[in-house]
Each structure stands twice: as structure tokens, then as C-alpha cells.
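Notes for the structure review
Residue-level listing of the chains:
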Amino acid sequence: MSNASDSWWRSAVIYQVYIRSFADGDGDGTGDIAGLRSRLPHLADLGVDALWINPWYPSPLADGGYDVSDYRGIHPAYGTLDQAEQFIAEAHDLGLRVILDIVPNHTSDQHPWFRQALAADPGSPERDRFLFREGRGEDGSLPPNDWHAAFGGPAWTRTPDGQWYLHLFAPEQPDLNWDNPAVRTEFESILRFWFDLGVDGFRIDVAHGMDKDPALPDLGLPHFSVMTAEGQEDHPHWDRDGVHDILRGWRAIADSYAVPRIFVAEAHVRPGRLAAYVRPDELHTAFNFDFLRCPLEADRLREVIDRSITDLAAVGAPATWVLSNHDETRHVTRYGRPHTGVTTPLSDPHQPSDLDRGTRRARAAALLMLALPGGAYIYQGEELGLHEVEDLPKEALQDPMWERSGHTVRGRDGCRVPLPWSGDTPPFGFGPPGTTPWLPQPGDWKSYTVEANETDPDSMLKLYRQALRLRHLDPDLRGEELHWLDSPDGTLVFQRGNALVCAVNLSDRPIPLPDACTPLLSSGPLGDAPLLPPDTAVWLHRD
Ligand code: ISL
């Protein structure tokens with residue numbers, strides 16, 4: 001491959017496959033590699049450049065697969081390693097690159113290493129691969145420090161012999177000790193294993209978490225832990241300088257291949273700290289959670305866009321853009337609410353959402369995102385216009401957040417409902433007739449299926465396809481420059497290259513379209529007058 005194709009990742013549109021919910025080939029209710037392979041034409045037609053597959057490894061699924069028990073295998077419900085290799089080859093044949101998800105901060109409690117650690121004595125080499133400590137208090141019955149787990153409760157669990165182990169997420173996800181050389185060697189070998197099978201890169205889960213202050217000092221935070229090191233200069237477990245040594249080592253491995261492989265960081269860090277992860281000898285890109293979380297307001301968005309591009313350009317990295325993923329409320333629902341930003345830990349389900357308005361705004365946001373310089377991520381189902389399923393029956397909920405929060409936070413299942421492909425009733429083609437999807441689909445999703453989207457010329461799917469086709473064809477969308485043009489309050493208007501203009505109206509009144517421009521693609525009807533209605537975006541070509 002040429003140098004130009006070596007830097008494909010700088011502007012790639014990457015489609016996130018939450019495999020458990022994408023397509024079920026064998027009818028057991030869980031998505032799988034067979035289903036994914038059968039639906040590859042949908043992804044190729046959509047016009048994305050790469051796929052990111054959420055963890056597909058053997059796992060007890062205590063956290064949807066982010067609790068890995070074997071990093072070199074495939075969960076039997078998803079298929080086999082042979083099928084995985086065939087899938088990678090087929091995706092490549094269709095021009096789609098494949099990125100996997102690596103989970104280095106923690107394993108599953110069923111991983112052989114953790115089982116060996118539990119069976120071994122305190123102070124043993126087996127225990128040293130994790131973070132075991134004695135408890136506090138006279139009989140050691142208090143956790144070693146005051147850290148909180150991300151899903152609720154203390155970050156420590158006591159073992160039968162009295163020691164405690166650290167887990168920043170669920171108790172089934174023990175944190176690894178990255179000061180132990182065996183941990184480093186093992187992960188380098190795991191990367192090589194998948195690179196040798198042909199994968200093009202990795203998304204790194206919790207890339208800001210591996211390094212811990214060896215003293216494990218108290219945090220002094222009285223409440224539910226937050227993902228960022230907000231308000232804390234020298235945080236004992238998030239975004240410590242030591243993670244960068246690990247990441248530099250990984251970059252060297254990716255670069256050692258004839259066709260270099262790439263990384264994208266999932267790093268929730270304070271503003272200004274993200275660029276360090278994408279320095280030239282570290283990772284290639286990082287998710288832009290500031291953009292995802294930003295309310296759909298022109299001035300706030302412009303600030304985030306400018307800051308993202310400037311901060312990352314300072315280290316030579318492109319920006320990325322993302323509206324939804326498997327951890328956050330789907331943006332159709334968020335944008336239908338009076339407050340359109342993300343609140344921690346999840347946007348408030350008690351605020352009603354106007355889904356028609358949310359859909360109009362989601363369409364506008366898609367044209368905004370896909371006109372920005374850099375890479376973009378599409379979360380499966382957003383191309384169909386799916387909304388969050390906020391009324392899943394309580395007994396169906398599987399996200400550990402539900403249990404760990406004492407049934408106060410419903411968690412992230414509402415954005416993970418299996419995709420509707422065809423037909424009028426569940427399973428909507430997700431699996432063969434008679435399949436019971438692992439999470440129930442709303443009975444009225446027939447208008448969201450791929451089939452229904454195909455027959456409607458104004459569907460979300462048609463909008464995404466047209467936008468992605470133009471993005472590939474129009475040389476103006478290839479550079480990394482963006483020039484803001486003057487525009488009324490509540491609107492964003494910018495130019496790319498010589499002649500591509502993107503105008504987004506987030507105000508409550510129509511605005512005149514820029515002069516001497518021909519509309520190429522709009523997120524909603526423009527009407528007869530040359531006006532851009534509220535909640536609408538348009539791509540224009542300067543005459
Ligand atoms: O999901 C969140 C808020 O809704 C985040 O706090 C999330 O836990 C954080 O983004 C880290 O996420 C990643 O690692 C987790 C896993 O549960 C998430 O699905 C994954 O994206 C632990 O491995």
C-alpha cells in the first residue's frame with residue numbers, strides 16, 4: 001500500500017459494530033460473526049471505511065464483553081476464530097478495514113490469571129499481576145482506600161482469605177498491575193496475535209486507566225466516581241503519565257508491520273490532556289467525547305470544534321467526531337430533549353424527548369459531523385435513525401450499572417437493543433423467524449428497519465449514504481482545514497476547501513442561505529425561498 005493509504009485513518013469514517021446486537025445468524029438471540037458476515041453488504045453500501053468491533057472474546061458478559069477471559073479467542077456465542085479470520089478477509093475484500101477492541105485495564109474474574117491469583121497466597125507472583133492489598137482497620141475489614149467503582153460501590157472486593165483486590169469497574173473486572181513486566185509482555189503478544197491475523201488496529205478501552213499511583217492514596221471524593229480526573233491535578237488512577245510509556249511501546253509494535261496498524265484511544269481526560277495521547281510516537285487518534293457530550297448549541301459546538309482541531313493539530317493529529325456509542329443515550333433521544341447535552345452518568349431519562357425534533361436535529365448533526373475535517377464514528381443503528389429504548393422492562397436489564405447502583409441507574413441497555421433489519425414485527429430480521437433477541441425490541445420499530453429505510457427516499461439511511469458518497473467524491477472534503485464564515489447567532493457556517501460550504505441552523509428562525517451557492521445535500525426540506533429552516537443543515541457548493 002502507498003503512503004497515502006497508510007494514513008487512511010486521518011479521515012476515516014468508522015462504523016461501530018456492537019456485535020451482540022448487530023445481526024444474529026443462528027437464532028440464539030445474540031448477534032454473531034455469521035450475522036455480521038451476512039450483513040457486510042449493508043456496511044459496504046453505506047460507504048464507511050472501517051469497522052470497529054466491540055469485544056468479541058470469550059467472556060462471562062458481566063459487562064457486555066468488557067470482562068475478557070481469553071484475549072486470543074472468540075466467544076462461542078459469536079462464532080469461532082476461523083469465522084473471525086474469514087470475516088476479516090471478506091471485510092478487506094469489500095474495502096473495509098477492521099479494528100478490534102482491546103481491554104487492558106482489567107480482565108474478567110474468570111480469566112486464568114485471576115483464578116490462579118485467587119488460588120495463590122498473598123504476596124505470590126500470581127497475585128502481583130493484579131492489585132491485591134490488605135484491608136484497613138483492626139481486622140482489615142475496611143477497603144484499602146476510598147476509591148469508587150465506575151458502576152457504583154467501592155472499587156475493592158474482599159477475597160475469602162481476607163485480602164482485597166481493586167476493580168475500577170465491576171467486581172468481575174479485576175484491575176491488572178501494569179507495573180508487573182509479565183502484564184506488559186502479555187499484552188504486546190496479544191496485539192501481535194491479532195495483527196498477524198490481519199486486523200488493522202485497536203480501540204483501546206480506558207486507555208487513561210492502566211497506571212496507578214503505587215501508594216494507592218485516598219482520593220477524598222465522597223461521591224460516585226467520575227471517569228475523568230476532573231478537578232484533580234495528580235489523580236491516583238486516571239490519566240497518569242505512566243500510561244504514555246505503555247502506549248509508546250504499543251505504537252512501536254503497530255509501526256513494525258509492513259502496513260502499519262493503528263490505535264484509537266478511549267480516554268476520558270480533562271480538557272487539554274487528550275493531545276498527549278496522540279503525539280507522533282503514541283496513538284493515532286482518540287475519541288472526541290467533548291463533541292459527543294456537547295449540547296446542540298452553535299456557540300458551544302464551535303468552541304469544542306475549534307479547541308479539538310487546534311489542540312490536536314499542535315501534535316500533528318487529526319480530530320475525530322462522534323455523536324453516539326454503546327455507552328451513551330442515543331443522540332436522537334438526547335437532541336429531542338430541552339437539554340441536549342450528556343449528563344453524568346447518563347442523560348436524565350426523566351426529561352421527555354420529542355423524537356420528531358430529535359430526529360430532525362440528528363440529521364442536521366450528521367451533516368455537521370461528516371463535513372468536519374478528520375475522522376468520524378457512526379454507532380450501529382444511528383444510520384437507521386434509532387432512538388434510545390427508555391422503557392425496557394426492568395427484568396430485561398443487563399448492564400451492571402442497574403444492579404451496582406441499587407436500581408437507581410438503568411444503565412446503557414437502551415442504546416444496545418438489537419438492530420431491526422426487515423419485516424413488521426420482532427425480531428425484525430435481526431435473526432431467523434422465531435428468534436428472541438437478548439434485549440426486547442420495541443414492537444413498533446417497523447419504520448426503522450433497513451428495509452423501510454431503503455424504500456423511503458428521505459430516510460436517515462439515504463442521508464448517511466449520500467453524505468458518505470459526497471465525502472468520498474468531493475476533494476474539498478479531503479483536507480484538514482476549516483474556515484468559519486460569518487453567520488447569524490445560533491448557526492454554524494464553514495467552508496472546506498475551495499467551494500464546499502456547510503451551514504447548520506440551530507436557532508429558532510430560518511436564516512438566509514449563503515449567496516451564490518448551490519445546495520448539494522440537506523438534512524431536511526429547504527422550501528422555495530433560499531432559507532435554511534431551524535434544526536436543518538445543508539451542504540452547498542459555491543458557484
Ligand atoms: O459508560 C459510561 C458512562 O455512561 C462510562 O463511564 C464508561 O464506563 C467509560 O466510558 C468506560 O467505558 C469503557 O470501559 C468500560 C465498559 O463498560 C464500557 O462499555 C467501555 O466503553 C469498562 O470496560
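All figures in this text were calculated on a predicted structure; none of them were measured in a lab. (Residues numbered from 1 in each chain as written. Predicted model: local features only at pLDDT ≥ 70, side-chain atom pairs only at ≥ 80, totals over all residues. Heavy atoms only, no water.)

1. A closer look at the packing of aromatic side chains
For clarity, the cut-off: Only centres within 6.5 Å qualify two rings of Phe, Tyr or Trp (six-membered ring in Trp) as a pair; their planes then separate them into stacked at under 30 degrees, edge-to-face at over 60, and tilted for everything else. Counting as a charge over the ring demands two things of the Lys NZ or Arg CZ atom: a distance within 6 Å of the ring centre and an angle within 35 degrees of the ring normal.
Evaluated as defined, the whole model comprises 27 aromatic pairs. In this structure, R20 is placed above the aromatic ring of W438, and the distance from its NZ or CZ to the ring centre is 3.7 Å. For the cation-ring pair, R127 lies above F132, with the distance from its terminal atom to the ring centre recorded as 4.6 Å.

2. Notes on the sheet that holds strand β13 (residues 491-496)
Definition in use: Each pair of strands is called paired provided DSSP finds at least two bridges between the two strands. Secondary structure follows DSSP: runs of H or I at least 4 residues long count as helices, runs of E at least 2 residues long count as strands, and numbering of each begins at the N terminus. Residues are treated as being in contact if the distance between any of their heavy atoms lies within 4.5 Å. Here an axis means a line fitted to C-alpha atoms, over the contact stretch when the element is a helix, while the angle between two N-to-C directions is reported on a 0 to 180 degree scale.
Reading across from one edge, β12-β13-β14-β18-β16 is the order of the five strands in this open sheet, with antiparallel pairing throughout. Looking along the sheet, the strands with just one partner apiece sit at the ends: β12 (483-484) and β16 (517-522). Sheet strands touched by helix α9 (residues 298-313): β12 and β13. Its angle to β13, the strand with the most contacts, is close to 35 degrees. Across the face of the sheet, helix α11 (residues 355-371) comes into contact with β13, β14 (500-505), β16 and β18 (536-542) while running at roughly 40 degrees to β18.

3. Things to note about the domain arrangement of the protein chain
For clarity, the cut-off: Each domain span listed reflects an automatic or database assignment of domains. Joining two parts hides part of their accessible area as seen by a 1.4 Å probe, and the buried area is that hidden amount summed over both. A pair is scored as a salt bridge if a Lys or Arg side-chain nitrogen falls within 4 Å of a carboxyl oxygen belonging to Asp or Glu. The classification used treats Ala, Val, Leu, Ile, Met, Phe, Trp, Tyr, Cys and Pro as nonpolar, Asp, Glu, Lys and Arg as charged, and all other residues, Gly among them, as polar.
If you check the domain split of the protein chain, you get domain 1 (8-107 + 181-460), domain 2 (112-166) and domain 3 (481-542). When each unit is reduced to the centre of its C-alpha atoms, the spacing between domain 1 and domain 3 is 30 Å. Opposite the 19 residues of domain 1 that make contact, domain 3 presents 19 residues. In this assembly, domain 1 packs against domain 3 so that about 1600 Å² is buried in total across both faces, 70% of it on carbon and sulfur atoms. Summed over the three residues of domain 1 that lose the most area to domain 3, namely A298, L367 and A371, the buried surface amounts to 34% of that side. At the boundary of domain 1 and domain 3, one finds two salt bridges. Its salt-bridge partner being D535, residue R357 comes within 2.8 Å of it at the nearest N-O pair. Elements with a minimum of two residues in the side of domain 1 that touches domain 3: α9 and α11. A per-element tally of the side of domain 1 that touches domain 3 places α11 first, with nine residues. Looking at the side of domain 1 that touches domain 3 residue by residue, the classes come out as 12 nonpolar, no polar and seven charged.

4. Topic: the packing of α11 against helix α14 (residues 460-473)
This is how it is decided: Note on terminology: angles under 35 degrees are roughly parallel, angles over 145 are roughly antiparallel, angles of 65 to 115 are roughly perpendicular, and the others are oblique.
Running from amino to carboxyl end, α11 crosses α14 at an angle of 10 degrees, the nearest separation of the two axes being 10 Å. Between α11 and α14, the angle falls in the class roughly parallel. Contacts between α11 and α14 pair T359, A362, R363, A366, L367, M369 and L370 from the former with M460, L463, Y464, A467, L468 and R471 from the latter. Looking at the contact of α11 with α14, its residues break down into 10 nonpolar, one polar and two charged.

5. Considerations on the site of the ligand
Where we set the bar: If even one non-hydrogen atom of a residue comes within 4 Å of a molecule or strand, that residue is called near it. Polar contacts, as counted here, are pairs of nitrogen or oxygen atoms within 3.5 Å of one another; within protein the pair requires one atom able to donate a hydrogen and one able to accept it, and residues that are adjacent in sequence qualify only if both atoms are side-chain atoms. Where accessible areas are quoted, they stem from the Shrake-Rupley method and a 1.4 Å probe; at the residue level, only the protein chains shown are allowed to cover.
What surrounds the ligand is a group of 19 residues, the closest being D63, D205, E266, H268 and D327. Taking D205, its side chain carries an N or O atom lying 2.8 Å from an oxygen atom of the ligand. Surface burial for the ligand is 97%, taken as the share of its 490 Å² of free accessible area covered by protein chains. Class assignment for the residues of the shell around the ligand results in eight nonpolar, four polar and seven charged.

6. A word on the environment of V243
Structurally, V243 can be placed in helix α7 (residues 242-255). As for V243 and C415, which are separated by 172 residues in sequence, their C-alpha atoms are 30 Å apart. Not counting residues within four places of it along the chain, the set of residues in contact with V243 comprises A207, H208, G209, M210, D211 and Y277.

7. Some remarks on the packing of helix α6 (residues 181-196) against α7
Counted only if it meets this: In this scheme the crossing of two helices becomes right-handed for a clockwise turn of the near helix relative to the far one and left-handed for an anticlockwise turn of less than a right angle.
The N-to-C vectors of α6 and α7 enclose an angle of 30 degrees; their axes lie 11 Å apart at closest approach. Classified by the interaxial angle, the pair formed by α6 and α7 is roughly parallel. Our pair here, α6 against α7, has a crossing hand that is right-handed. Residues R184, F187, E188, L191, R192 and F195 of α6 lie in contact with α7, whose contacting residues are D245, I246, W250, I253 and A254. Among the residues making up the contact of α6 with α7, the classes are represented as seven nonpolar, no polar and four charged.

8. Things to note about the environment of W147
Filter applied, for reference: Throughout this description, buried means an accessible area under 20% of the type-specific maximum (1.4 Å probe, protein chains only), exposed means over 50%, and partly exposed covers the range between.
Note on placement: W147 falls in the loop between β4 (132-133) and β5 (156-158). By relative accessible area, W147 is classed as buried at 1%. With near-sequence residues (within four places) excluded, W147 lies in contact with P154, A155, L166, L168, L216, P217, D218, L219, P236 and H237.

9. Considerations on the nonpolar core
Short version of the rule: The nonpolar core is taken to be a set of buried Ala, Val, Leu, Ile, Met, Phe, Trp, Tyr and Cys residues, with the residues joined through side-chain atoms within 4.5 Å.
W56 and F87 are the most contacted members of the largest nonpolar core, which has 144 residues in total. Broken down by element, this core gets its largest block of residues, nine residues, from α11. Beyond its immediate stretch of four places on either side in the chain, F87 contacts I33, L36, R37, L40, L51, I53, W56 and V98. F169, V206, W238 and M401 belong to the second-largest nonpolar core, a separate cluster that totals 18 residues.

10. Description of the sheet that holds β5
In spatial order, the strands read β4-β6-β5; together these three strands make up an open sheet with antiparallel pairing. Lying at the two open borders of the sheet, with one neighbouring strand each, are β4 and β5. Direction of pairing for β5 relative to strand β6 (residues 164-166): antiparallel, over a ladder of three bridges. Residue pairing across strands places R158 opposite W164, the latter belonging to β6.

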